[in-house]
Amino acid sequence: MAEITRPKPGTPLRPQLGRLGPQGEVQVIETPLWKIRLRLLWRSFQSNFKIFLENPIGLIGLAIILLFAFMAAIHPYLLENVWNRNVYDPVIGIDQTITFHPAPPSAQHLLGTDPLGRDVLSQLMFGTRAAFILGILAAFVTVTIATTVGALSAYYGGAIDTFFMRLADLIIMTPIISLLIVMSALFEIGFTHLAVIIGLLGGLGGATIIIKSQALTIKVRSYIEAARVAGGGNAHIIFNHIIPNLLPLSFLYMMFSVTSAIALEAVLSFFGLLNIRMSWGLMIFTTQRAGYLLDLSKWWLIFPAGLAITMLCAAFYLVGRALDEVVNPRLRKR
Amino acid sequence: MDKIHSNHEYLLKVENLTMHYTTRGGEVSAVDDVSFTVRRGETMGLVGESGCGKTSVALTLLKLLPENGIIKGGHIYLDGMDLVKLKEDQMRRVRWDRISMIFQAAMNSLNPVYKVSDQIVEALEYHNEVRTNQEARRRLKDLFTLVGLEHEMLDRYPHEYSGGMRQRAVIAMALACHPDLVIADEPTTALDVIVQDNLLHEMGDLQKKLGMSMIFISHDIAVVAQVCDRIGVMYAGRMIEIGTTEQVFKRPLHPYTFGLMSAFPSIVGPKRELATLPGEPPNLLDPPAGCRFHPRCPFATEDCKRYVPVLRDLGGGHFVACDHPMEASLGNP
Amino acid sequence: MRRFLFRRIAQNIFTFFLFLVLVYVLVDAQPGDFSNVYLNDPRLSPKQRTILRESLGLDKPVMERFVQWLGNAAQGDLGISFSNYPRPVLDVIAERAPRTIMLFLTATILSYSIGFLAGKILAWRRGGFLEYATTVTGVGLYTVFLPWFGLLMIWLFSFTLGLFPIGKFVDPIVWRRAPVEANDVFLRLMLTIFLASILFIALFSYSRRLNPGQRTPVRLVGSGIIIVAWFAYWASSGMGKYAADILHHLFLPILTLTLVNFAGTMLLTRNSMLETLREDYIMAARAKGLPDQVIRDKHAARNALLPVVTSFVLAVAFVLDGGVITETIFSWPGMGLTLLEAAVVQDIPMVIGALVFTGILALTAHLIADILYAFLDPRIRYT
């Protein structure tokens, strides 16, 4: 018979793993719990990744994202070492060797220059960085808020739940762009502000409803009961049990949040309402300001920027769809 | 379709029917060389463990197979007409009009967004059983009276019915076109015992009144014994024993059937030890060679592993597919 | 059903009220106050400024001003638009609102119908190149950057093919000596289309009660009569060419908005159909010997429709936003363009008015979608 030793009363309970040794005694496994959790996490990540890889959609999306990420990463290097900063800076550069701007694509300017003399390719790459930062920041805010609010609403129910669900309904029904148009026209909205606002609206909106339903299904599972019986408090259960199980869904929503954040910023910049130094939407706005919006012959002013926005949004959306199949096994092809 | 009472001896004659499912892992031999007959007015029971192929046989009879289900051979003679040879649009006219089906968990057979009356009427209209709305209405009322449902429920939706009522509605729907043959797939499994008992009696009455044949599929032997004239026992996709209810119950010839009968306690009669069948049914992706029961059979010989036993008449219309049939008789009432 | 309706409407009114409060507070929270537009004249001394502010009621707290605004609004006074001075806000809204409503309704109905149809067919015929191609096109249209897409449409259809005008509401040359107002023609257009739609719906519900053989011919003949009557009316009214001009300018915006929105519905319908086709009642329908087309359209599609209607509820805001962008690209003078222009010049009364309109439209669409869902799914009517 293995001997069970009781911990002294007052010592905090810490889970330990043990196994039965050859003589039937209990041997405590010394590997700390976090290492074991990490290993399990890694293994589940590997198997999920395999499922993800099965779907060509996810791969295409991932490839596009990596391509853009590469562009964003390489841009500072190019500016420092390869390009002449005065000419190629996306915001203040100007090529004075060419008389008429916007100039068509040439050897020096692969995508031509914009009406203010700035290199379009450089703008595109810098815009990639802006898009990524904005998108990921906004998505992070959205997911943090949605997961926390969703978990709390599901766990506590009652007034908290009703309040947040009604708020979410209100946000879903409001056309965001109209609202943001008004806000950015009346207030000075910069880069970080925009990310936070988009994140806030997204996090308290539709995402929280879906995450809350998922949290509800987790809440009624047996291991939650078990945790409570073992003495876990509310905070412990929420943060150690419910939220980790919500993370796959949250991660999924991050993808969709990035898509909407990038698209929203692009639209607002296009209307000239934002206080941003350079972004893809701003490129199109500059074109409009200069009167070349409908000028087919100056295609390089609009085409690359619009295409970039579309492709990056689509890429994140595709990755999100592929992840959807990982998270919801029912959607997988049989 | 005209229902001429022909002079064929059997209403339904299934001959060497074989059907496979094509799956990623290979071909699943779900129905293998199955033969049986059903006369007019007769109730034929089909029993066996889950996965033995009973439902597959039913679906094959109606040619309602999914895309990966293929009939590999055999014949299904309905009044002399081979259904296997029919094209899909011809088969559609046979369905419901001559053979109808009551599905397992019948409650889900009803479309939740349409009224029950609409769902029955569409079958009537498609098979040209009625020509005007009044005729349809009359027929609906007759059907509901037949199964014991109130007429006012006709214009309600499925979710407004109780479980037992839904079952009756589904029966009414199956009888709508006055088919020659009704296949009932576990019609009472999802109901509680009392409702089950009532329903079984009523189905028996209905059948006698309308003179139709029935194939009654169940894994519950007690229910089958109550309702059926003849019983077919299936195992691992094959038909291994056919006989009258009395023959199969009192003198099971196949070791499997013997095990099946002995596994049920009886309230009346002397106490006896309950038998159990060790092991599990085989994987139909790769079934055993020869007799498919041989891995579990306590009487298996070397020959059983090599030769497939064929259904043989051992006297009085009692068929068995075994080379070493049982001889003892059970004291089952 | 009635209780359901009452509850929904009450909820909507409450939400709308909340929306109004938020909008007003938000707009009011801008740095400075909206008196700056009036009062930034440096020639005014601080004392004069204070007196002016007091007389305009700008020194009162937000909630008090809101209540006053609300009171005025309830009587139909939404203030006077700065940028369209001296037209009252309500006047501008009355002129432009029908246009946005028409754009929204038409684009929504078209995109959902086409999307649903496409998704239905796609689900029934799985696999193969068609499915792959449509999915890719669908995703592309769903995620495309709308302003860019609108520009591409203009480039293609207006510049290159010359089929449609570049933008705007009407062609000034056609209308130079018109005896009628553009807005009148437009309203009449909307009215006739609306009446025709009502007649169509009536025709189809009536024909359901007929005996089987009579249904299709009645529907065909009835539809034909309605369409011919519509054209006859316009041809004989003498306003035909004006109405045609308006429609000509309406075409590209509607097409753009429809294309962008239909893909989402198509993909959703396909998935929904695939799920529905696995249900038992589909098998039962097959067992009844019904032809494939009936099973697909009558049994599967009706159930598959439910998640699509739900998605519409969520998509209303998205479509409205798309409308704003489309109106801007095509310079089509609806409420969306009005909102943008007003915001840019900080015409506060107009901005608030436009947002109020948007809110009402969103809520109404939401309500209609809810009712539609209850109509389609009998299980939900009694909750």
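Residues numbered from 1 in each chain as written. Chains lettered and ligands numbered in written order. Predicted model: local features only at pLDDT ≥ 70, side-chain atom pairs only at ≥ 80, totals over all residues. Heavy atoms only, no water.

Q: Would you mind showing me how to read the overall build of chain B here?
A: Scanning chain B from N- to C-terminus turns up 10 helices and 12 strands. A globule of 333 residues ought to have a C-alpha radius of gyration of about 20 Å, and chain B, at 21 Å, matches this closely. Taking all 333 residues of chain B together, the buried fraction comes to 53%. Taking the contacts inside chain B whose residues are at least 6 apart along the sequence as the reference set, 65% of them involve residues at least 24 apart. Within the structure as shown, chain B displays about 15000 Å² of accessible surface, and the carbon and sulfur contribution to it stands at 52%. For chain B, the separation between the mean place of its 36 positive charges and that of its 43 negative charges on side chains is 2 Å. (Helix = DSSP H or I, 4+ residues; strand = E, 2+ residues; numbered from the N terminus. Rg over C-alpha atoms; globule rule 2.2 N^0.38 Å. Buried < 20%, exposed > 50% of the residue type's maximum accessible area, 1.4 Å probe, protein only. Contact = heavy atoms within 4.5 Å. Areas by Shrake-Rupley, 256 points an atom, 1.4 Å probe, with all protein chains shown as cover. Lys, Arg positive; Asp, Glu negative; His and termini not counted. Charge placed at Lys NZ, Arg CZ, Asp CG, Glu CD.)

Q: Hey, could you run me through the nonpolar core in this one?
A: Nonpolar side chains tend to gather and get buried jointly when the protein is soluble and globular. One finds A:Ile181, A:Ile242 and A:Trp280 to be the most contacted residues of the largest nonpolar core, which totals 196 residues. A total of 18 residues in this core trace back to one element, the largest contributor, which is helix H10 (residues 234-270) of chain A. Excluding anything up to four places from it in sequence, A:Ile181 contacts A:Leu268, A:Phe271, A:Leu273, C:Val324, C:Leu340 and C:Ala343. Within the second largest apolar cluster, 99 residues are counted, among which are B:Leu62, B:Ile99, B:Val170 and B:Phe216. (Core = buried A, V, L, I, M, F, W, Y, C linked by side-chain atoms within 4.5 Å.)

Q: Can you walk me through the sheet that holds strand E11 (residues 312-313) of chain B in this structure?
A: Residue and element names in this part refer to chain B. Spatially, the eight strands line up as an open sheet ordered E6-E7-E8-E3-E9-E10-E12-E11, and their pairing is mixed. Since the sheet does not close on itself, it has two edges, and those belong to strand E6 (99-102) and E11, each with one partner. As defined by bridge partners, strand E10 (residues 238-244) adjoins strand E12 (residues 319-320) across two bridges and the pair is classed as antiparallel. What sits directly across from Ile242, in E12, is Phe319. Set on the sheet, helix H6 (residues 193-210) makes contact with strand E3 (43-47), E6, strand E7 (181-185) and strand E8 (213-218); between it and E8 the angle comes to about 155°. (Pairing = 2+ DSSP bridges. Axes fitted to C-alpha atoms, helices over the stretch in contact; angles between N-to-C directions.)

Q: Help me understand the sheet that holds strand E4 (residues 69-78) of chain B in this model?
A: As a general point, the strands of a sheet are linked pairwise by backbone hydrogen bonds and lie either parallel or antiparallel. Residue and element names in this part refer to chain B. Strand order in the open sheet formed by four strands is E2-E1-E4-E5, and the pairing between neighbours is antiparallel. Each end of this open sheet is capped by a strand with a single partner; those strands are strand E2 (26-38) and strand E5 (81-82). The pairing of strand E1 (residues 12-23) with E2 spans nine bridges and is antiparallel. Across the sheet, residue Val14 finds its bridge partner in E2, namely Phe36.

Q: Got a minute to help me understand the packing of helix H4 (residues 133-147) of chain B against helix H5 (residues 163-175) of chain B in this structure?
A: Each packed pair of helices is defined by two parameters, the angle between the axes and the distance between the axes. Residues and elements named next belong to chain B. Orientation of H4 relative to H5, taken along the N-to-C sense of each, is 130°, at an axis distance of 9 Å. Relative to H5, H4 is oriented oblique. Pair H4 / H5 crosses with right-handed handedness. Contacts between H4 and H5 involve Leu143, Phe144, Leu146 and Val147 from the first element and Arg168, Ile171, Ala172 and Leu175 from the second. Residue composition of the contact of H4 with H5, by class: seven nonpolar, no polar and one charged. (Parallel < 35°, antiparallel > 145°, perpendicular 65-115°, else oblique. Left-handed = near helix turned anticlockwise from the far one by under 90°. Nonpolar A, V, L, I, M, F, W, Y, C, P; charged D, E, K, R; others polar.)

Q: Where do I start with the interface of chain C and chain B in this structure?
A: Many structure descriptions define interface size as the accessible area lost when the parts assemble. Between chain C and chain B, the contact holds 25 residues from the first and 28 residues from the second. Looking only at chain C, the three residues that lose the most surface to chain B are C:Arg286, C:Ala287 and C:Lys288, adding up to 24% of its buried area. Counting every contact that joins chain C to chain B gives two salt bridges. For B:Glu122, the salt bridge identified is with C:Lys298, shortest N-O distance 2.9 Å. On inspection of chain C and its partner chain B, the count reaches 10 residue pairs in polar contact (both at pLDDT 80 or more). Among the elements of the structure, helix H11 (280-287) and helix H12 (292-329) of chain C are those that each provide at least two residues to the side of chain C that touches chain B. Taken together, the residues that form the side of chain C that touches chain B break down as 11 nonpolar, four polar and 10 charged. (Buried area = accessible area lost by both parts, 1.4 Å probe. Salt bridge = Lys/Arg side-chain N within 4 Å of Asp/Glu carboxyl O. Polar contact = N/O pair within 3.5 Å; in protein donor to acceptor, adjacent residues only side chain to side chain.)

Q: Honestly, the pattern of salt bridges in this entry has me stumped. Any pointers?
A: For side chains of opposite charge, pairing can occur when their charged atoms come near one another. Residues and elements named next belong to chain B. Enumeration over the complete set of coordinates arrives at 32 salt bridges over all chains. The residue Glu88 makes a salt bridge to Arg92 at a minimum N-O spacing of 3.9 Å. One end of the pair is Glu88 and the other is Arg92, both in helix H2 (residues 88-94) and four residues apart, which spans about a single turn. We note a salt bridge from Glu88 to Arg95, for which the minimum N-O separation is 3.2 Å. In this structure Glu88 comes out as partly exposed when scored by relative accessible area, which is 36%. Here the salt bridges do not stand alone but share partners, grouping Arg40, Asp79, Arg98 and Asp180 into one network.

Q: I tried to follow the interface of chain A and chain C on my own but got confused; where do I start?
A: Taken together, the contact pairs 41 residues of chain A with 49 residues of chain C. Both faces combined, the contact of chain A with chain C buries some 4000 Å², and carbon together with sulfur accounts for 79% of it. Among the residues chain A hides against chain C, the three largest losses belong to A:Met173, A:Leu186 and A:Leu294. Together they make up 17% of the total. Summed over the shared surface of chain A and chain C, the number is zero salt bridges. The tally of links from chain A across to chain C stands at four residue pairs in polar contact (both at pLDDT 80 or more). Elements represented by at least two residues in the side of chain A that touches chain C include exactly helix H5 (158-173), helix H6 (176-186), H10 and helix H12 (303-327) of chain A. No other element matches the 10 residues that H12(A) contributes to the side of chain A that touches chain C.

Q: I'm lost on the pairing of E1(B) in this one. Help?
A: Two faces make up the sheet, and in a regular strand the side chains alternate between them. Looking at chain direction, E1(B) and E4(B) are connected through eight bridges and run antiparallel. Looking at E4(B), one finds that B:Thr18 is bridged to B:Gly73.

Q: What am I meant to see in the side chain of A:Thr147 here?
A: Relative to the elements of secondary structure, A:Thr147 occurs in helix H4 (residues 120-156). Discounting chain neighbours no more than four positions away, the residues touching A:Thr147 are A:Ile211, A:Ile243, A:Leu246 and A:Ser250.

Q: What is the right way to look at the packing of aromatic side chains in this model?
A: Given two aromatic rings, one states the distance between the centres and the angle between the planes to describe the pair. Going through the model one piece at a time under the given rule, you end up with 22 aromatic pairs over all chains. Look at C:Phe157 and C:Phe164: their rings are 6.3 Å apart centre to centre, the planes differ by 65°, and that puts the pair in the edge-to-face class. By relative accessible area, which is 16% here, C:Phe164 ends up buried. Through a chain of ring-to-ring contacts, three or more aromatic side chains come together here, namely A:Tyr253, A:Phe256, A:Tyr317 and C:Tyr142. For the cation-ring pair, C:Arg99 lies above C:Phe169, with the distance from its terminal atom to the ring centre recorded as 4.1 Å. (Phe/Tyr/Trp six-rings, centres within 6.5 Å; stacked < 30°, edge-to-face > 60°. Lys NZ or Arg CZ within 6 Å of the ring centre and 35° of its normal.)

Q: Honestly, helix H13 (residues 335-344) of chain C in this entry has me stumped. Any pointers?
A: The periodicity of an α-helix, 3.6 residues per turn, causes residues three or four places apart in sequence to face the same way. Among the 10 residues that make up H13(C), eight are buried, leaving the element largely enclosed by the rest of the structure. Taken together, the buried positions of H13(C) are occupied by C:Met335, C:Gly336, C:Leu337, C:Thr338, C:Leu339, C:Leu340, C:Ala342 and C:Ala343. On the buried face of H13(C), the contacting elements are H6 of chain A together with helix H5 (89-124), H12 and helix H14 (348-376) of chain C. Trailing H13(C) by a residue or two, C:Gln346 shows a phi angle of about 60°, which is positive.

Q: Explain a nonpolar patch on the surface here, please?
A: All names here are of chain A. Together, Trp42, Phe45, Phe49, Leu53 and Leu59 line one region of the surface with nonpolar side chains, adding up to about 480 Å² of accessible area. With four residues, the single largest contributor to the nonpolar patch is helix H1 (residues 33-54). One can find Leu53 in helix H1. (Patch = residues over 30% accessible without salt bridge, like charges linked within 9 Å, V, L, I, M, F, W, Y side chains within 5 Å.)

Q: Is there a simple way to think about the environment of B:Val130 in this case?
A: Residue and element names in this part refer to chain B. Tracing the backbone through its elements, the reader meets Val130 in the loop between helix H3 (116-126) and H4. The class for Val130 is buried, based on a relative accessible area of 8%. In contact with Val130, other than residues within four places in its own chain, are Leu124, Glu125, Glu135, Ala136 and Arg139.

Q: How do you make sense of the environment of B:His318 when you look at a structure like this?
A: With respect to the element layout, B:His318 can be found in the loop between E11 and E12. Ignoring any residue separated from it by four or fewer positions in sequence, one finds B:His318 in contact with B:Glu241, B:Ile242, B:Gly243, B:Gln247, B:Val248, B:Arg251, B:Leu253, B:Arg312 and B:Asp313.

Q: Which parts of the structure should I look at to understand the packing of helix H6 (residues 128-143) of chain C against helix H10 (residues 240-276) of chain C?
A: All names here are of chain C. H10 packs onto H6 with a crossing angle of 135° between their chain directions and a minimal axis gap of 8 Å. When the axis of H6 is compared with that of H10, the two are oblique. Classified by chirality, the crossing of H10 by H6 is left-handed. Across from Glu131, Thr134, Thr135, Gly138, Val139, Leu141 and Tyr142 in H6, the residues of H10 making contact are Leu259, Val260, Phe262, Ala263, Gly264, Met266, Leu267 and Arg270.

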